[in-house]
Amino acid sequence: MDSVSLLHHFDDMEDPRVDRHKLHALPDILLIMFCGVICGAESCRDFVDFAESKLDYLKRFTPLNSGIPSKNTFSRVISSLDPEQFKRCFLQWVQGIQQELGNVIAIDGKTLRRSFDQASKRSPIHMVSAFASEARLVLAQQKVEEKSNEITAIPKLLEVLDLNGAIITLDAMGCQKTITQKIIERGGDYVIAVKGNQDKLHQQITTHFNNLFDMQYHKHVDTDCVEEVSRGRIESRKCLSTNSIDWLGGEEQWHGLRSVIAVQAKRTVDGRTSCETRYYISSLEPCSAELNHIIRSHWGVENSLHWILDVVFREDDSRFRSGNAPENMAILRHSALNQLQAAKPSFKKDMNIKRLRKKAGWDNETLDKIITATI
């Protein structure tokens, strides 16, 4: 049978274990963990149970001459693997397919809430991910160092991505001059939210757009309106954008800045209407229809990545804490989610990720389709 499509990118992983203590080959351990996460495994004990129940299936890929690794072996390996090397192996896979994934890349962070370790006084780790919004695939991830924040992690993440022709979307934490410079230098464009952490910029843009939403015509302002109705909820988004920014003090410090944007979002649920206005800066020309779509697609990182990791993969309940285990398991979950997303088009349209994981655990043919799927 053909090898698992993703795992051959991990062939050059260095095994951190002492040679004389190696009973099980590293590729065998990674195979069990990868397939196990796809099928719902959440702990080292789960990996053992999965391997025992799927022993005949796994032997189609490798003889497992030494049997199934113990839960302690799984724990030692996932805790001691070099996360930087693990991440580079993951990137080898996604870099070959990035051009096929659309041009909007959403960057956002997420805390692994139970990854804190009281014994070593280590805080929960925070991961910043790059997410291809249209293909719903993770492109890369970067751990935020302790006593730091996303501002330092985002440039490192941008360094490993191919930004040529890409549009990077960021929330307000990424609204930094150094980050806009990095994106432009690497051949990308950006759409970045502006809030109070850039108080002067936020106040200037707010003041400029303050009275424009009630006007029928706006000189030098492009307008787009979208309304969606879903399950009794009515949502409208009115987008205003302009490249007339002479009034914006210090605009030359924001590399590549071409337009400022305001989006007024109204939501009506059960007869109650709420309204919120959000502001953005962008290196793109002021085409409000395109910008409205790009800004909306950014939130796919919440629904198609963070929500799935929390609710389907139960990431916030994960008890992996020691060593490099929390970061390595996050990379493993991203790998499994990518493989599941790649396989989804081969199944019924109503097949979601949760159902697909269950089906993979019950049916070997389904698991075959998932682990050998290509983008």
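This one's a predicted model, so the numbers in the text were calculated from it and none came from an experiment. (Residues numbered from 1 in each chain as written. Predicted model: local features only at pLDDT ≥ 70, side-chain atom pairs only at ≥ 80, totals over all residues. Heavy atoms only, no water.)

**Student:** I would appreciate a short explanation of the overall build of the chain in the present structure.
**Tutor:** Along the chain, the regular secondary structure elements total 13 helices and nine strands. Taken against the 2.2 N^0.38 rule, which gives 21 Å for 375 residues, the C-alpha radius of gyration of the chain at 23 Å falls within 12% of a compact globule. C-alpha extents for the chain along the principal axes are approximately 75 × 40 × 40 Å. Counting across all 375 residues of the chain, residues that qualify as buried make up 52%. In the chain, once contacts between residues fewer than 6 apart in sequence are set aside, the share between residues at least 24 apart is 64%. Across the chain, the 49 positively charged side chains and the 50 negatively charged ones have centroids separated by 6 Å. (Helix = DSSP H or I, 4+ residues; strand = E, 2+ residues; numbered from the N terminus. Rg over C-alpha atoms; globule rule 2.2 N^0.38 Å. Buried < 20%, exposed > 50% of the residue type's maximum accessible area, 1.4 Å probe, protein only. Contact = heavy atoms within 4.5 Å. Lys, Arg positive; Asp, Glu negative; His and termini not counted. Charge placed at Lys NZ, Arg CZ, Asp CG, Glu CD.)

**Student:** Any chance you could explain the pairing of strand 5 (residues 189-194) here in plain terms?
**Tutor:** The side chains of a regular strand alternate, first on one face of the sheet and then on the other. Within strand 5, five of the six residues are buried, leaving the element largely enclosed by the surrounding structure. Strand direction decides the pairing type here: strand 4 (residues 167-170) and strand 5, joined by four bridges, are parallel. Bridging from a neighbouring strand, threonine 169 pairs with valine 191 of strand 5. Examined bridge by bridge, strand 5 and strand 9 (residues 272-282) share four bridges and lie antiparallel to one another. (Pairing = 2+ DSSP bridges.)

**Student:** Got a minute to help me understand the layout of surface pockets in this structure?
**Tutor:** Any empty space left between the atoms is revealed when a probe the size of a water molecule rolls over them. For the largest pocket, the calculated volume is near 760 Å³. Only strand 7 (233-242), strand 8 (259-269), strand 9, helix 9 (288-298) and helix 10 (300-312) provide two or more residues apiece to the lining of the largest pocket. The element contributing the most residues to the lining of the largest pocket is helix 9, with five residues. (1 Å grid on protein atoms, 1.4 Å probe; cavity = no way out; pocket = protein on both sides within 12 Å on 5 of 7 lines; lining within 4 Å. Points joined across faces, edges and corners; volume = space filled by probe spheres on them.)

**Student:** Can you help me understand the environment of valine 128 in this one?
**Tutor:** In this fold, valine 128 is placed in strand 2 (residues 126-132). Considering only alpha carbons, one finds valine 128 and lysine 110, 18 residues apart in sequence, at a separation of 6.3 Å. Not counting chain neighbours up to four residues away, the residues in contact with valine 128 comprise Ile107, Asp108, Gly109, Ala140, Gln141, Gln142, Val144, Glu150, Ala153, Ile154 and Leu157.

**Student:** What is the right way to read the confidence of the model for the chain from this model?
**Tutor:** Interpretation of the predicted coordinates at a detailed level should be avoided for regions scoring low in pLDDT. Here the chain averages 87 in pLDDT, and 91% of its residues register 70 or above. The element-level mean pLDDT for the chain is lowest in helix 5 (residues 83-95), coming to 82, with strand 5 highest at 97. (pLDDT = per-residue confidence, 0-100.)

**Student:** What exactly am I supposed to notice about the packing of aromatic side chains here?
**Tutor:** Pairs of aromatic rings are described using the distance from one ring centre to the other and the angle between the two planes. According to the stated counting rule, one finds three aromatic pairs in the structure shown. Taking NZ or CZ as reference, lysine 54 lies 5.8 Å from the ring centre of tyrosine 57, over its face. Looking at lysine 369, its charged tip hangs above the ring of phenylalanine 347, at a distance of 5.3 Å from the centre. (Phe/Tyr/Trp six-rings, centres within 6.5 Å; stacked < 30°, edge-to-face > 60°. Lys NZ or Arg CZ within 6 Å of the ring centre and 35° of its normal.)

**Student:** For this particular structure, what's the right way to read the pairing of strand 2?
**Tutor:** Burial of strand 2 is extensive: seven of the seven residues sit out of reach of the surface. The alternating pattern of strand 2 places His126, Val128, Ala130 and Ala132 on one face and Met127, Ser129 and Phe131 on the opposite face, and all of these are buried. Examined bridge by bridge, strand 1 (residues 104-111) and strand 2 share seven bridges and lie antiparallel to one another. What sits directly across from isoleucine 107, in strand 2, is alanine 130. The sheet contact formed by strand 2 and strand 3 (residues 137-144) spans seven bridges and is antiparallel. Its bridge partner being in strand 3, serine 129 is matched across the sheet by glutamine 141. Where strand 2 folds back onto strand 3 in an antiparallel hairpin, the turn is made up of four residues, including arginine 136, whose phi is positive at roughly 60 degrees.

**Student:** Just to check I follow, could you spell out the pattern of salt bridges for this structure?
**Tutor:** Here the structure, examined in full by the defined rule, presents 20 salt bridges. A salt bridge links arginine 314 to glutamate 42, with the shortest nitrogen-to-oxygen separation between them at 3.2 Å. Pair noted here: arginine 314 is in the loop between helix 10 and helix 11 (325-343) and glutamate 42 is in the loop between helix 1 (26-38) and helix 2 (44-53), with a separation of 272 residues, a long-range link. Here arginine 314 makes a salt bridge to aspartate 317, at a shortest N to O gap of 3.6 Å. Relative accessible area serves as the criterion here: at 39%, arginine 314 is assigned to the partly exposed category. Given a relative accessible area of 34%, aspartate 317 falls into the partly exposed group. (Salt bridge = Lys/Arg side-chain N within 4 Å of Asp/Glu carboxyl O.)

**Student:** Which parts of the structure should I look at to understand empty space enclosed by the protein?
**Tutor:** The full count for this structure, using the stated rule, is five cavities of 30 Å³ or more. Reported here for the largest cavity is a volume of approximately 60 Å³. Taken together, Val37, Ala41, Glu42, Phe313, Arg314, Ser318, Met329, Arg333 and Arg357 form the lining of the largest cavity.

**Student:** Quick question: what am I supposed to make of the sheet that holds strand 3 here?
**Tutor:** In a beta sheet, neighbouring strands pair by backbone hydrogen bonds and run either parallel or antiparallel. The mixed open sheet is built from nine strands, whose spatial order is 3-2-1-4-5-9-8-7-6. The sheet terminates laterally at strand 3 and strand 6 (222-230), the two strands that pair on one side only. On average, adjacent strands in this sheet sit at an angle of 20 degrees to one another, irrespective of strand direction. The strands touched by helix 8 (residues 199-209) are strand 5, strand 7, strand 8 and strand 9; relative to strand 9, the strand with the most contacts, the crossing angle is about 120 degrees. Running over the sheet, helix 9 touches strand 1, strand 4, strand 5, strand 6, strand 7, strand 8 and strand 9 and is turned about 125 degrees from strand 7. (Axes fitted to C-alpha atoms, helices over the stretch in contact; angles between N-to-C directions.)

**Student:** Would you take a moment to explain the nonpolar core for this structure?
**Tutor:** Nonpolar side chains tend to gather and get buried jointly when the protein is soluble and globular. Grouped together as the largest cluster of nonpolar side chains are 97 residues, with contacts concentrated most on Ile38, Phe47, Ile107, Ile168, Ile205, Ile281 and Phe313. Examining the composition of this core, we find that 10 residues originate from one element, helix 1, more than from any other. Those residues in contact with isoleucine 107 that lie beyond four places of it in its chain are Val128, Ser129, Ala130, Ile154, Leu157, Leu158, Ile168, Thr169, Leu170, Asp171 and His298. Membership of the second largest hydrophobic core comes to 12 residues, among which are Val104, Ile167, Tyr280 and Leu284. (Core = buried A, V, L, I, M, F, W, Y, C linked by side-chain atoms within 4.5 Å.)

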